Structure formats: C-alpha cells, structure tokens
Amino acid sequence: MRVSDAAKIAGCSVRTVRYYHNLGLLPVPTKQRGPWRDYEFADVARLIQIRSMAQAGMRLDDIRLELSAAETAVMTAVPTPAAASTAPKIGRASCRERV
C-alpha cells in the first residue's frame, strides 16, 4: 500500500510518516511498486504502535528506546538449535519430578 494509505489507517498525515522515517522510528520500506514505496501490514502496525505511544504522552526519544528494546527482546527470545534440543529434556525432567 502507498504511504497515504498507511497514514490514513494509522490516523496521521503523510508528513508525520516521513518525519518518523527521518527520526529512525519507522524504517523506510524496501519494496517498491513502480515509483512508490510499498508499505506492508507490519509497517502499518509499527506506525500504529508509534502513534499510540506518542498519543499516550511518550517522548519520541523514549519511543525509540522502547522499540529498540522490544526488538532486542524478540531477537534474544528466538531459540537456538542447542536450546531447542534441551527443551524436551527439561520437560521430561519436570514431569518425572511431579510423579
């Protein structure tokens, strides 16, 4: 979808979306449809999240910190192959302890 559509869904102006791009709060979409940037639903969801935090009174610097902390938490929560192989063992051990 185009920037005007994304802005309309999020309840802001195109100028606000571009401002968030300049601040680094919202990444610039890499996909393009013709000469226009193609915004995906994940971009719109992030835009809505930014707008919600701003409307709640958070400063833009605090929003940036919150978003980067959330991204870091998601990245560290992804299980590694080693962690995935130990999870079933942990589950079996806890079942044995309950018996």
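Structure's up top.
No experiment lies behind these values; they were computed from the predicted model shown. (Residues numbered from 1 in each chain as written. Predicted model: local features only at pLDDT ≥ 70, side-chain atom pairs only at ≥ 80, totals over all residues. Heavy atoms only, no water.)

> In this structure, what is going on with the packing of helix H1 (residues 3-10) against helix H2 (residues 14-23)? I would like to understand it.
What describes two packed helices is the angle between their axes and the distance between those same axes. It is the contact of H1 with H2, at a shortest axis distance of 8 Å, that shows an interaxial angle of 100 degrees. Comparing their axes, H2 and H1 come out roughly perpendicular. Residues Val-3, Ser-4 and Ala-7 of H1 form the contact with H2, whose participating residues are Val-14, Val-17 and Arg-18. When grouped by side-chain class, the residues that make up the contact of H1 with H2 number four nonpolar, one polar and one charged. (Axes fitted to C-alpha atoms, helices over the stretch in contact; angles between N-to-C directions. Helix = DSSP H or I, 4+ residues; strand = E, 2+ residues; numbered from the N terminus. Parallel < 35°, antiparallel > 145°, perpendicular 65-115°, else oblique. Contact = heavy atoms within 4.5 Å. Nonpolar A, V, L, I, M, F, W, Y, C, P; charged D, E, K, R; others polar.)

> Just checking my understanding: could you explain the pattern of salt bridges for this structure?
Pairing between side chains of opposite charge can happen when their charged atoms approach one another. The final tally for this structure, using the stated rule, is four salt bridges. The residue Lys-31 makes a salt bridge to Glu-40 at a minimum N-O spacing of 3.3 Å. Residue class for Lys-31 comes out partly exposed when judged on its relative accessible area of 43%. Judged by its relative accessible area of 37%, Glu-40 falls in the partly exposed class. For Arg-59, the salt bridge identified is with Asp-61, shortest N-O distance 3.5 Å. Note on Asp-61: relative accessible area 41%, which makes it partly exposed. It is possible to trace a salt-bridge network through shared partners that takes in Arg-59, Asp-61 and Arg-64. (Salt bridge = Lys/Arg side-chain N within 4 Å of Asp/Glu carboxyl O. Buried < 20%, exposed > 50% of the residue type's maximum accessible area, 1.4 Å probe, protein only.)

> Sorry if this is basic, but what is going on with the environment of Gln-49 here?
Secondary-structure assignment places Gln-49 in helix H3 (residues 41-55). When the C-alpha atoms of Gln-49 and Ala-10 are compared, they prove to be 8.9 Å apart, with 39 residues separating the residues in sequence.

> Explain H3 here, please?
Helical periodicity: at 3.6 residues per turn, an α-helix aligns residues three or four positions apart in one direction. Over its 15 residues, H3 runs 21 Å from end to end, which matches the ideal 21 Å to within 8%, given 1.5 Å per residue. The complete set of buried residues in H3 reads Asp-43, Val-44, Arg-46, Leu-47, Ile-50, Arg-51 and Met-53. (Expected span 1.5 Å × (residues − 1).)

> Would you mind going over the nonpolar core with me for this structure?
Side chains of nonpolar character tend, in soluble globular proteins, to be buried together. Ranked by size, the top nonpolar core spans 16 residues in total, and within it Val-17, Leu-47 and Ile-50 carry the most contacts. Leaving out residues up to four positions away in the same chain, Ile-50 has contacts with Tyr-20, Leu-25, Leu-26, Ile-63 and Leu-67. (Core = buried A, V, L, I, M, F, W, Y, C linked by side-chain atoms within 4.5 Å.)

Keep in mind these numbers describe shape, not what the thing actually does.
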